[in-house]
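Each chain, written out:
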Amino acid sequence: MDLALCYSGGKDSSLAALVLDRFYDVTLVTARFGLTDDHDHARTAAETLGFPFDTIELDREVAEEAVETMRADGFPRNGIQRVHEHALESLAERDVDAVADGTRRDDRVPTISRAFAQSLEDRHGVDYLSPLSGFGRGAVDRLVEETLEVESGPSEEVPKADYESELRALLREQGGDAAVGEVFPAHEQTYVRGRR
């Protein structure tokens, strides 16, 4: 069975791939707007882990709407949520049996509601899987420590290929560095360098 997993190159989506690999033919897919070349970071991480990799182009209008929402809100949650749902919709349109992501039980964003998951499955004829949804951050961190080599640090410094990097680029394009600072709080990111 073919599965497309939303992939950033970080610890959560990498661990999700390892969990699902026993049951599916997993392809790691980075959803992008074409604003940066950050998807190359995810490609490198996927190759290091031994998974096939692909990208999917998202609608630039969704990125612009997300940035507008984030600037109005003063925080990224609703904009990133919109982008993640769009990415899952786009993945579900591929010729796959299932789509998945690396969301955890205690993630603030993105989160997928039961209603959205069921609607996605019904409309596209795919299964939606979130293999880490029962795991808290501590459990994920312990599993990652046993299985993956991970770099972590401030979001601006760690290589990554998540939605945030392209949304930051669009924010910077529209309002400079100040706009980025007004929306995104300082936080840690991870990037997978290989298996242990």
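Just so we're clear, the structure is a prediction, and the values are computed from it rather than from any experiment.

Asker: I'd like a rundown of the pattern of salt bridges, residues and numbers included.
Answerer: Pairs can form between side chains of opposite charge whenever their charged atoms are close. This structure, assessed with the given rule, holds 16 salt bridges. Here Asp141 ties to Lys11 by a salt bridge, and the two come within 2.2 Å at their closest N and O atoms. You can see Asp141 sitting in helix α6 (residues 137-147) and its partner Lys11 sitting in helix α1 (residues 11-20), a full 130 residues away along the chain. Within the structure, one salt-bridge network assembled from shared partners comprises Asp12, Arg104, Asp106 and Asp107.

Asker: Hey, could you go over the sheet that holds strand β3 (residues 53-57) for me, with residue numbers and the actual values?
Answerer: Reading across the sheet, the five strands line up as β3-β2-β1-β4-β5 and stay open at both edges, with parallel pairing between neighbours. Where the open sheet ends on each side, the last strands, each with one partner, are β3 and β5 (127-129). Going from strand to strand, the sheet's axes swing by 30° on average, the running direction of each strand aside. On the sheet, helix α4 (residues 77-92) packs against β1 (2-6), β2 (25-32), β3, β4 (98-100) and β5 and is oriented at approximately 160° with respect to β1.

Each value, and the rule that gives it
Residues numbered from 1 in each chain as written. Predicted model: local features only at pLDDT ≥ 70, side-chain atom pairs only at ≥ 80, totals over all residues. Heavy atoms only, no water. Salt bridge = Lys/Arg side-chain N within 4 Å of Asp/Glu carboxyl O. Helix = DSSP H or I, 4+ residues; strand = E, 2+ residues; numbered from the N terminus. Pairing = 2+ DSSP bridges. Axes fitted to C-alpha atoms, helices over the stretch in contact; angles between N-to-C directions. Contact = heavy atoms within 4.5 Å.

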